[in-house]
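# Remarks on the overall topology
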Amino acid sequence: MVLAACALAALMHWPLPAHLSSQVSRDTGDPLVQAWEVAWGGHALGHQPLDYFQANTFWPLRNSLAFSDALAGYAPAGLVGNGFEAAIARYNLLFLFSYALAFAGAYLLARQLGTGRAGAAVAGAAFAYAPWRLEQDGHLHVLSSGGIPLSLFLLVRGYRGRAPVTVLAGWLVAAWQVTLGFTLGLQLGYLLAAIGLIVFVPWLRQRPRQPLPRSLLLPSAAGVAVVLLAAVLLARPYMQVLDDHPEAHRTTAQVEGLSGPVQQFLAAPEQNLVWGAATEPIRDGLSSVPEQTLFPGVAILALALAGLGSLTFPRRLRLGLGLAALVLAVLSLGFHDPVAFLYPYRWLYELGPGWSGIRVPGRIMTLTSLALALLAAAGAQRLVDAAASRRRPSAGVAVAALLVAAVVIEGSGFGLGRTDSLIAAPAHPPVPKPPAGQLGAPAPQLHLPITVPANRRYVLWSSEGFAQIVNGRGSFVPRQFVHLARDVERFPDAGSVARLRTLGVRTVVFHPPLADGSPWQGADRRPIAGLGVRRARSGSVVLYDLGLR
């Protein structure tokens, strides 16, 4: 099953596996920054584990790794390999791993809850390859959801079988999922709390009350403590960032702007093979397509509806999953003025600890997809069992294969990319390589021009040695960085040079090919006489030595 999950992930994203160190999936936006995050994680573990969040970007600001989800749970992978190409290859392997783990985790959970292999395979496919997930191919912290069903599988198996080691393993996987970021870690924490209440409250009302198995008390307490410890340790730098940078707070206006209408559940990603073109008119009406494209898939919905009447799961479980999918879908809408108080998400945002820091309500679709995937597993198992009993076992295998194929094809992204073949492959753009001329330049450095696309490149390129750079990219822009960018628009001039020297910058690295259309276009031809600055061209870049030692 694990090999099948990995093979399917590779097939669904071909030819990316053949270009692991030179291309990325989707675009050269956030994947570049996240490749650096994992690389920095390995560097920090090996060189400054006690200052893990004091990254080399956004120098000299503190806790700069906490300016976005840090993917700390992937840091051990960063210990393998060094440099730019290793960072890209590592990111791509984790990208494929996230899909494989999502499939495997949902498969195992469905099996534990009572489906056969056929239904479990549909659950894995429905969770990992629901059409909406294709829009998130540039967000590894959203794709990395496999720890959610895997932790639930281990916990259900451990508590049912009274296996202390398995129970502890379930809580440890949950803690690891939290360390990948609060985007999904917060959802998992609330899910585990809700399940705990559902199980614990009826136990409190039992008369006579059954004693709790003593063998499970210690691993349960230890596991919960590890999850809480992971959450607290991860939250500390983020809380400090909120204190240092008030602009990092998620305002109601920001959340409302990324909240979508009901139609968002009918909008498939542009790259989707089956529904991309058909749902274009709906997608064009959305204010923020990447955050509001939440189409769950017709095949998955049809199987989930069939699962509501299936005897594969107990009736209470089926109704619970159906209700959960509905409630979670409503929460995914976020809220909109002037009737924001009518949206349940507004109450979660105002009253639920942690939710005021979440920027995109639509990412709750992760849990919605899990509920639908489990119901789809029950529905698929119902159809497979019916086909096998009425004819012969081979008919059941054929139906199972057909259902898995239907889910996978509907969620595939083979609708965008190469057009010189019968089946167009997903777009996998090449990653720009770091200019050789910048390597070894004295740090701290400022790279010009200062634009969003360029900053993403600078951040990734800094994985070659992790020189301190003023540039950075996060989920918010520090006001200090905004002010600095404004102050150096005329670089090199007396004011900008003095400003950078005061800050402590030793080298300015100017990238002429990236400067077109920016305030820095032609900066390498501006006079430097009397500034005490040395300028030298090094390959495709121009280096400015500001004279600090």
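### Concerning the overall build of the protein
Within the protein one finds 20 helices and 4 strands. Considering only C-alpha atoms, the protein reaches an extent of 90 × 60 × 50 Å along its principal axes. Here the protein holds 549 residues, and the buried ones make up 55% of them. Sequence-distant contacts, at least 24 apart, represent 75% of the contacts inside the protein between residues at least 6 apart. Each charge class in the protein can be summarised by its mean position, and for the 43 positive and 28 negative side chains these summaries are 11 Å apart.

### A few points about the pattern of salt bridges
Using the criterion set out here, one finds 9 salt bridges in the structure. A salt bridge links Arg 486 to Asp 487, with the shortest nitrogen-to-oxygen separation between them at 3.6 Å. With relative accessibility at 52%, the residue Arg 486 sits in the exposed group. Classification of Asp 487 as partly exposed rests on a relative accessible area of 29%. Put simply, Asp 524 and Arg 537 hold a salt bridge, and the shortest N to O gap is 3.0 Å. On the criterion of sequence distance, the pair formed by Asp 524 in the loop between strand S2 (507-510) and strand S3 (534-538) and Arg 537 in strand S3 is long-range, its members being 13 residues apart. Among the residues examined, Arg 537 registers a relative accessible area of 54% and is labelled exposed. Residues joined by salt bridges that share partners form a network here, namely Arg 26, Asp 27 and Glu 135.

### Regarding the packing of aromatic side chains
Counted according to the given criterion, the structure contains 18 aromatic pairs. For the pair Trp 40 and Phe 466, a centre-to-centre distance of 5.5 Å together with 70 degrees between the ring planes defines the contact as edge-to-face. Of this pair, Trp 40 sits in helix H2 (residues 30-47) while Phe 466 sits in the loop between helix H18 (452-461) and helix H19 (479-487), and the two are 426 residues apart along the sequence. A relative accessible area of 2% places Trp 40 in the buried class. A centroid spacing of 5.2 Å and a plane angle of 50 degrees characterise the contact between Phe 58 and Phe 67, whose relative ring orientation is tilted. By relative accessible area, Phe 58 is classed as buried at 3%. Through a chain of ring-to-ring contacts, three or more aromatic side chains come together here, namely Tyr 190, Phe 335, Tyr 345, Tyr 349 and Trp 355. Here the guanidinium or amino end of Arg 133 rests over the ring plane of Phe 127, the centre of that ring lying 5.4 Å away. Over the ring of Phe 335 we find Arg 346, and its NZ or CZ is 4.9 Å from the ring centre.

### Observations concerning the layout of surface pockets
Roughly 560 Å³ of internal volume is contained in the second largest pocket. As for the second largest pocket, its lining consists of 21 residues, and the residues nearest its centre are Tyr 52, Phe 53, Leu 233, Leu 234 and Pro 237. Those elements that provide at least two residues to the lining of the second largest pocket are helix H7 (164-179) and helix H9 (214-244). Counting residues per element, the lining of the second largest pocket draws most heavily on H9, at 6 residues. Taken together, the residues that form the lining of the second largest pocket break down as 13 nonpolar, 5 polar and 3 charged.

### Quick word on the packing of helix H6 (residues 147-161) against H7
The interhelical angle for the contact between H6 and H7, taken along N-to-C directions, is 165 degrees, at an axis separation of 7 Å. As judged from the angle between their axes, H6 and H7 are roughly antiparallel. Remark: the crossing between H6 and H7 carries left-handed chirality. In this structure, H6 uses Gly 147, Ile 148, Leu 150, Ser 151, Leu 154, Leu 155, Arg 157, Gly 158 and Tyr 159 to contact H7, whose residues at the interface are Thr 166, Val 167, Ala 169, Gly 170, Trp 171, Val 173, Ala 174, Trp 176 and Gln 177.

### Focus on the side chain of Ser 145
Along the chain, Ser 145 turns up in the loop between helix H5 (140-143) and H6. Residue classification places Ser 145 among the buried positions, given a relative accessible area of 0%. Residue contacts for Ser 145: discarding those within four places in its chain leaves Ala 102, Phe 127, Arg 133, Gln 177, Leu 184 and Thr 366.

### Structural notes on empty space enclosed by the protein
Summed over the entire model, instances satisfying the criterion amount to 2 cavities of 30 Å³ or more. Of the volumes computed, that of the largest cavity is approximately 60 Å³. Considering the residues around the largest cavity, the lining is formed by 13 residues, among which Met 12, His 13, Leu 134, Gly 411 and Gly 413 are closest to the centre. Looking at the lining of the largest cavity residue by residue, the classes come out as 7 nonpolar, 4 polar and 2 charged. The volume enclosed by the second largest cavity comes to roughly 40 Å³. Lining the second largest cavity are Trp 36, Glu 37, Thr 57, Phe 58, Ser 64, Leu 65, Phe 67, Ser 68, Arg 473 and Gly 474. Considered class by class, the residues forming the lining of the second largest cavity number 4 nonpolar, 4 polar and 2 charged.

### Points about the environment of Phe 95
In this structure, Phe 95 sits in helix H3 (residues 83-113). Separated by 43 residues in sequence, Phe 95 and Gly 138 have C-alpha atoms that sit 9.3 Å apart. Excluding anything up to four places from it in sequence, Phe 95 contacts His 13, Leu 16, Ser 25, Asp 137, Leu 140 and Leu 143.

About the cut-offs
Residues numbered from 1 in each chain as written. Predicted model: local features only at pLDDT ≥ 70, side-chain atom pairs only at ≥ 80, totals over all residues. Heavy atoms only, no water. Helix = DSSP H or I, 4+ residues; strand = E, 2+ residues; numbered from the N terminus. Buried < 20%, exposed > 50% of the residue type's maximum accessible area, 1.4 Å probe, protein only. Contact = heavy atoms within 4.5 Å. Lys, Arg positive; Asp, Glu negative; His and termini not counted. Charge placed at Lys NZ, Arg CZ, Asp CG, Glu CD. Salt bridge = Lys/Arg side-chain N within 4 Å of Asp/Glu carboxyl O. Phe/Tyr/Trp six-rings, centres within 6.5 Å; stacked < 30°, edge-to-face > 60°. Lys NZ or Arg CZ within 6 Å of the ring centre and 35° of its normal. 1 Å grid on protein atoms, 1.4 Å probe; cavity = no way out; pocket = protein on both sides within 12 Å on 5 of 7 lines; lining within 4 Å. Points joined across faces, edges and corners; volume = space filled by probe spheres on them. Nonpolar A, V, L, I, M, F, W, Y, C, P; charged D, E, K, R; others polar. Axes fitted to C-alpha atoms, helices over the stretch in contact; angles between N-to-C directions. Parallel < 35°, antiparallel > 145°, perpendicular 65-115°, else oblique. Left-handed = near helix turned anticlockwise from the far one by under 90°.

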